[in-house]
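# Observations on the model geometry
Chain residues, written in single-letter form:
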Amino acid sequence: MRAWVVENPGPAATWPLALVERPVPAPGPDEVLVRVEACGVCRTDLHLAEGDLPPRRPLTSPGHQVVGRVVGRGDDESSWPAEGARVGVAWLRSTCGVCPYCRRGLENLCPSSTYTGWDADGGYAEYLTAPAAYVYALPDDPPAEHLAPLLCAGIIGYRALLRSDLPKGGRLGIYGFGASAHLTAQAAIAQGAVVHVVTRSRAARELALELGAASASDDRPPEPLDSAILFAPVGTLVPDALEALDRGGTLAVAGIHLTDIPTLNYERDLFQERTLRSVTANTRADGRAYLQQAFTYPPDVHTSPYPFEDAGRALADLANEQVRGAAVLLVQ
């Protein structure tokens, strides 16, 4: 099979990915073999390719927003998912199931957790394996291109929205407006929120307004915020986002990687019970809840499709903020 691998981590402009031929992987016990239809291109993939996330193994295939079909199993074929089932493979690949965090329903904090496209090969390939207990059932009808972004951009945005403690009908600020933000904004607006978007990209501002945002600027929200989510991996935005919060407001930082945060001023940035929170991966319960919501009330998923052969260009476009909505590799 063909697979893209991170050969020389570095800036996307240096083309850190290499296209290789490797054997189709064999599923282990309790795993399924998935023939990939499409794979979303996530900023986490960019962090891995550029070296912001230290590689956990050499020549790893990135990609953790995978839509595909089960074509083999490593155990009893009568178990779910059966051969031919359409499934999604997401970021969370495995957890221990026995640590205090797993027992408390916080498997996203499991110290032994592993991740698709980081600890194991992901969806920038024609096939991948995944633990059967960690894949999601997907409907047969929607295009793979539109399902792929739901598996990380959607799920992480869902958890970030929960972590932001947005009150009913509240005012939500969104900083950065890429794949996850454009889905999260729609979910918040559907709940009755007033959404204000801050992003440098003119195209992203136009998309935000198309999707129902009350404002979209490259400066600051026009009114105090009850909640905010920082999707841009830019630590210097944290003080600005905190300062824009009303009393009792919460800022959730949604990225896996963030540049350094400047020194905070307690009175200006945190006093009056403002809260700063991180968002760490997601639980499978988050994934199931978000996907059920998305299948019942489908969001308007904006995608920029790329042929499988153009994975490097997709990452470069993402790095240069030239992707409108979500970038997706069309593998099959």
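Use the structure listed above.
Calculation rules
Throughout this document, residue positions are counted from 1 along each chain, in the order its sequence is written. Where local features are concerned, this predicted model is filtered to residues with pLDDT of at least 70; where side-chain atom pairs are given and counted, the filter is 80 or more; whole-chain, interface and lining totals use all residues. Heavy atoms throughout the structure, all of them, feed into the side-chain values; hydrogens and water do not. Axis angles are defined between N-to-C directions and span 0 to 180 degrees, where every axis is a line fitted to C-alpha atoms and, for a helix, only to the segment in contact. Secondary structure follows DSSP: runs of H or I at least 4 residues long count as helices, runs of E at least 2 residues long count as strands, and numbering of each begins at the N terminus. What sets the label is the angle itself: under 35 degrees gives roughly parallel, over 145 gives roughly antiparallel, 65 to 115 gives roughly perpendicular, and the rest give oblique. In this scheme the crossing of two helices becomes right-handed for a clockwise turn of the near helix relative to the far one and left-handed for an anticlockwise turn of less than a right angle. In what follows, residue pairs with any heavy atoms lying within 4.5 Å of each other are defined as contacts. Note on classification: 1.4 Å probe, protein chains only; a residue is buried when its accessible area is under 20% of the maximum for its type, exposed when over 50%, partly exposed between these limits. What is meant by a nonpolar core is a set of buried Ala, Val, Leu, Ile, Met, Phe, Trp, Tyr and Cys residues, joined one to another through side-chain atoms within 4.5 Å. Only rings of Phe, Tyr and Trp enter the pairing, Trp through its six-membered ring, and a pair is recorded when the two centres are within 6.5 Å. The plane angle decides the type: under 30 degrees is stacked, over 60 is edge-to-face, the rest tilted. Criterion for a charge above a ring: Arg CZ or Lys NZ at most 6 Å from the ring centre, at most 35 degrees from the ring normal. When DSSP locates at least two bridges between a pair of strands, those strands are taken to pair.

For the pair helix α4 (residues 153-163) and helix α5 (residues 179-190), the least separation of the axes is 8 Å and the interaxial angle reads 55°. Classified by the angle their axes make, α4 and α5 are oblique. The handedness of the crossing between α4 and α5 comes out as right-handed. On the side of α4, the interface is formed by A153, G154, I156, G157 and L161, while α5 contributes A179, S180, L183, T184, A187 and A188.

Let's shift gears to helix α10 (residues 311-319). By the criterion of burial, α10 is predominantly enclosed, with seven of the nine residues buried. Within α10 the residues assigned to the buried category are A311, G312, A314, L315, A316, D317 and L318. Contact partners of the buried residues in α10: β1 (2-6), β2 (17-21), β3 (31-41), α1 (43-50), β16 (303-307) and β17 (326-330). E321 lies just past α10 and shows a positive phi near 55°.

This part takes up unusual backbone geometry. Within the chain, W15 stands out as a residue other than glycine whose phi angle is a positive 55°. Within the secondary structure layout, W15 lies in the loop between β1 and β2. Unusually for a residue other than glycine, D30 sits at a positive phi of about 65°.

With 39 residues, the main nonpolar core has L17, V41, V89, Y124, L315 and L329 as its most contacted residues. Those elements that place two or more of their residues in this core are β1, β3, α1, β4 (66-73), β5 (86-89), β8 (127-131), α10 and β17. If we skip the residues at most four places from it in the chain, L17 touches W4, V5, V6, A49, P62, Y124, A311, G312 and L315. With 23 residues, the next largest nonpolar core counts A185, A193, V195 and A208 among its residues.

Inspection of every chain in the model, using the stated rule, returns six aromatic pairs. Ring centres 5.9 Å apart and planes at 10° place the aromatic pair W91 and W118 in the stacked group. With W91 in the loop between β5 and β6 (92-94) and W118 in the loop between β7 (114-115) and β8, the pair connects residues that are 27 residues apart, well separated along the chain. Owing to a relative accessible area of 9%, W118 belongs among the buried residues under this scheme. Through a chain of ring-to-ring contacts, three or more aromatic side chains come together here, namely W91, Y115 and W118. For the cation-ring pair, R56 lies above W118, with the distance from its terminal atom to the ring centre recorded as 3.7 Å.

Read from one edge of the open sheet, six strands run β12-β11-β10-β13-β14-β15, paired in parallel fashion. Each edge of the sheet is formed by a strand with only one pairing partner; in this case those strands are β12 (215-217) and β15 (275-278). The average angle at which neighbouring strand axes cross in this sheet is 15°, direction not considered. Across four bridges, strand β10 (residues 171-175) lies against strand β13 (residues 225-230) in parallel orientation. Bridge pairing links G173 to A228 in β13.

Here we take up the side chain of R93. In this structure, R93 sits in strand β6. Residues contacting R93, with those up to four places away along its chain left out, are E31, T114, Y115, T116, A120, T129, A130, P131 and Y134.

So far we have only geometry, and geometry alone does not tell us how the molecule works.
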